[in-house]
Structures are given as C-alpha cells and as structure tokens.
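Below, each chain spelled out in residue letters.
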Amino acid sequence: MKDFSIVRIGNEYVVQAGEKSVLKTSSRRMAARLINDAAGLLEQQPVSSTDVDASITCDVRDISEASEVP
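This structure is a prediction, so every number in the text was calculated from the model and none was measured.

Analysis parameters
Residues numbered from 1 in each chain as written. Predicted model: local features only at pLDDT ≥ 70, side-chain atom pairs only at ≥ 80, totals over all residues. Heavy atoms only, no water. Pairing = 2+ DSSP bridges. Helix = DSSP H or I, 4+ residues; strand = E, 2+ residues; numbered from the N terminus. Axes fitted to C-alpha atoms, helices over the stretch in contact; angles between N-to-C directions. Contact = heavy atoms within 4.5 Å. pLDDT = per-residue confidence, 0-100. Buried < 20%, exposed > 50% of the residue type's maximum accessible area, 1.4 Å probe, protein only. Core = buried A, V, L, I, M, F, W, Y, C linked by side-chain atoms within 4.5 Å. Expected span 1.5 Å × (residues − 1). Arc of directions from axis to C-beta. Polar contact = N/O pair within 3.5 Å; in protein donor to acceptor, adjacent residues only side chain to side chain.

Caption draft 1: Quick peek at the sheet that holds strand S2 (residues 12–17). One open sheet accounts for three strands, arranged S1-S2-S3; its pairing is antiparallel. Lying at the two open borders of the sheet, with one neighbouring strand each, are strand S1 (4–9) and strand S3 (20–25). Between one strand axis and the next, the sheet turns by 30° as a mean value, whatever way the strands run. Sheet topology places S1 next to S2; six bridges connect them, and they run antiparallel. Each residue of the ladder has a partner; that of Ile-9, found in S2, is Glu-12. Along the sheet, helix H1 (residues 28–43) makes contact with S1, S2 and S3, crossing S1 at roughly 160°.

Caption draft 2: Representation of the confidence of the model for the chain. Per-residue pLDDT for the chain has a mean of 78; in total, 64% of the residues score no lower than 70. Looking over the chain, one finds the lowest element-wise mean pLDDT in helix H2 (residues 60–65), namely 57, and the highest in S2, namely 92.

Caption draft 3: Spatial organisation of the environment of Lys-20. When you line up the elements, Lys-20 lands in strand S3. Residue Lys-20 is classed as exposed on the basis of its relative accessible area, which comes to 61%. Separated by 16 residues in sequence, Lys-20 and Phe-4 have C-alpha atoms that sit 9.3 Å apart.

Caption draft 4: Structural context of the pairing of S3. Examined bridge by bridge, S2 and S3 share five bridges and lie antiparallel to one another. From the neighbouring strand, Gln-16 faces S3, where its bridge partner is Ser-21. Joining the antiparallel neighbours S2 and S3 is a turn of two residues, in which Gly-18 adopts a positive phi near 70°.

Caption draft 5: Highlighting the nonpolar core. The biggest cluster of nonpolar side chains holds five residues, and these are Ile-6, Tyr-13, Val-15, Ala-31 and Ile-35. Where this core is concerned, the elements lending two or more residues are S2 and H1. Beyond its immediate chain neighbours, meaning those up to four positions away, Ile-6 contacts Tyr-13, Val-14, Val-15, Arg-28, Ala-31, Ala-32 and Ile-35.

Caption draft 6: Spatial organisation of H1. The terminal C-alpha atoms of H1 lie 23 Å apart, and with 16 residues this matches the ideal 22 Å at 1.5 Å per residue to within 8%. Of the positions making up H1, those classed as buried are Ala-31, Ile-35 and Ala-39. Across the axial projection of H1, the buried residues extend over an arc of 75°, all falling on one side. Opposite the packed face of H1, turned more than 90 degrees from it, sit the exposed residues Arg-29, Asn-36 and Leu-41. Turning to H1, the residues buried within the fold contact S1, S2 and S3. Measuring from the side-chain oxygen of the N-cap residue of H1 to the backbone nitrogen of Arg-29 gives 3.2 Å; that N-cap residue is Ser-27.

Shown next, in the form of structure tokens:
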C-alpha cells in the first residue's frame, strides 16, 4: 500500500488510507502488521471459480417449513 499513514489520536492509533480513516487499534505495532497483511492480500491473484466449487445459496423450503414464533 503506497498511500497510508498511522496517526496517534489519544491512546489509539488510526490507520489512514489517503485521507480516510480505515482502522483503529491500541498498538502502533499491530497497525503496521495489519497494513502489511492487507498489502500482501491485495497482491494475491484471485482464485478462479469453477462450477464444482461450493456456493452459498438459500434453501427457501427451510424458511417456509419453520414454525412461527408466538
């Protein structure tokens, strides 16, 4: 991540991306570690999806068969 900063506000550290605050933590070391982890995730290539992959779907039968709560 190129455009970020860690700013101390009171007892907390705020990570800013550009001019937006995106994360608040109590430790500067933790803020730096999370920025490093996020940068690593952003560099990874997305996994290609196949038809065999599991998907999240809603089974409407489960909802309609549920008993009503009084």
